[in-house]
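Chain and residue survey
If you want the building blocks of each chain, they are given just below.
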Amino acid sequence: MNSNFLYIIFVSVALFLTSCQNTGDTTIVTTPVNLQANLSECFWSPFSQGANFILSIDFSNNNVVVYNSDKEMVDKGNWAFIEGKFVLSNLGYVLANYNGVWEIIINKETFFELQKEGVKINFEQDCSSNKKSY
């Protein structure tokens, strides 16, 4: 019986340590400060079910500057984090349908997912492009 107890303790500790390993894309607690810092680091590539676009978005300084694959600016607007919601505003061209208040479903260091009225949009961090070349 003593060996079973030691086995259970060993397995429990091993599972605990495995679950604590850093995967490189950890979920973060969403606050205005860490959201601003995370979104400002790199460009973000949006993707959504049914949407077929290749865009890069710069979220620096609470702005939304959208570029196409030719590095041409194709839309601009603003974003804010208000009462736990992600708010997109003043988008008037390619992303005009995305203005509004979005629920943050997933917020990780390199990926986040928003949902509004049954529509989901995902953003993946793209640090391979240099913002200064845009």
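All of the points below concern the structure found in this document. It should be emphasised that the depicted structure is a prediction, and the values quoted were computed from it without experimental measurement.

Turning to the environment of Asn 78, a few remarks are in order. You can see Asn 78 is positioned in strand β4 (residues 73-82). Owing to a relative accessible area of 28%, Asn 78 belongs among the partly exposed residues under this scheme. It is 8.2 Å that separates the C-alpha atoms of Asn 78 and Val 65, two residues lying 13 residues apart in sequence. In contact with Asn 78, not counting residues within four places along its chain, are Asn 62, Asn 63, Val 64, Val 87, Leu 88, Ser 89 and Asn 90.

This part covers the environment of Ser 48. Mapping Ser 48 onto the fold places it in the loop between β1 (43-47) and β2 (56-58). The exposure class of Ser 48 is buried, given its relative accessible area of 12%. Sequence separation between Ser 48 and Lys 120 is 72 residues; the distance between their C-alpha atoms is 6.4 Å. When residues no more than four places from it in sequence are discounted, the contact partners of Ser 48 are Tyr 98, Lys 120 and Ile 121.

By the element assignment, Asn 68 lies in the loop between β3 (63-67) and β4. Of the residues examined, Asn 68 reaches a relative accessible area of 17% and is grouped as buried. One polar contact links Asn 68 to Glu 72, side chain to side chain, over a distance of 2.8 Å. Residues in contact with Asn 68, not counting those within four places in the same chain, are Ile 54, Leu 55 and Val 74.

What counts as what
- Note that residues are indexed from 1 along each chain, following the sequence as it is written.
- Reporting of local features is limited, given that this is a predicted model, to residues whose pLDDT is at least 70; pairs of side-chain atoms are given and counted only at 80 or more, and all residues count toward the totals for whole chains, interfaces and linings.
- Excluding hydrogens and water, the side-chain values take into account all heavy atoms of the structure.
- Only runs of H or I of at least four residues qualify as helices and only runs of E of at least two qualify as strands under DSSP, and these elements are numbered from the N terminus.
- Each residue is placed in one exposure class: buried if its accessible area under a 1.4 Å probe, protein chains only, is under 20% of its type's maximum, exposed if it is over 50%, and partly exposed if it falls in between.
- Whether two residues touch is decided by their heavy atoms; if any such pair falls within 4.5 Å, the residues are in contact.
- Polar contacts, as counted here, are pairs of nitrogen or oxygen atoms within 3.5 Å of one another; within protein the pair requires one atom able to donate a hydrogen and one able to accept it, and residues that are adjacent in sequence qualify only if both atoms are side-chain atoms.

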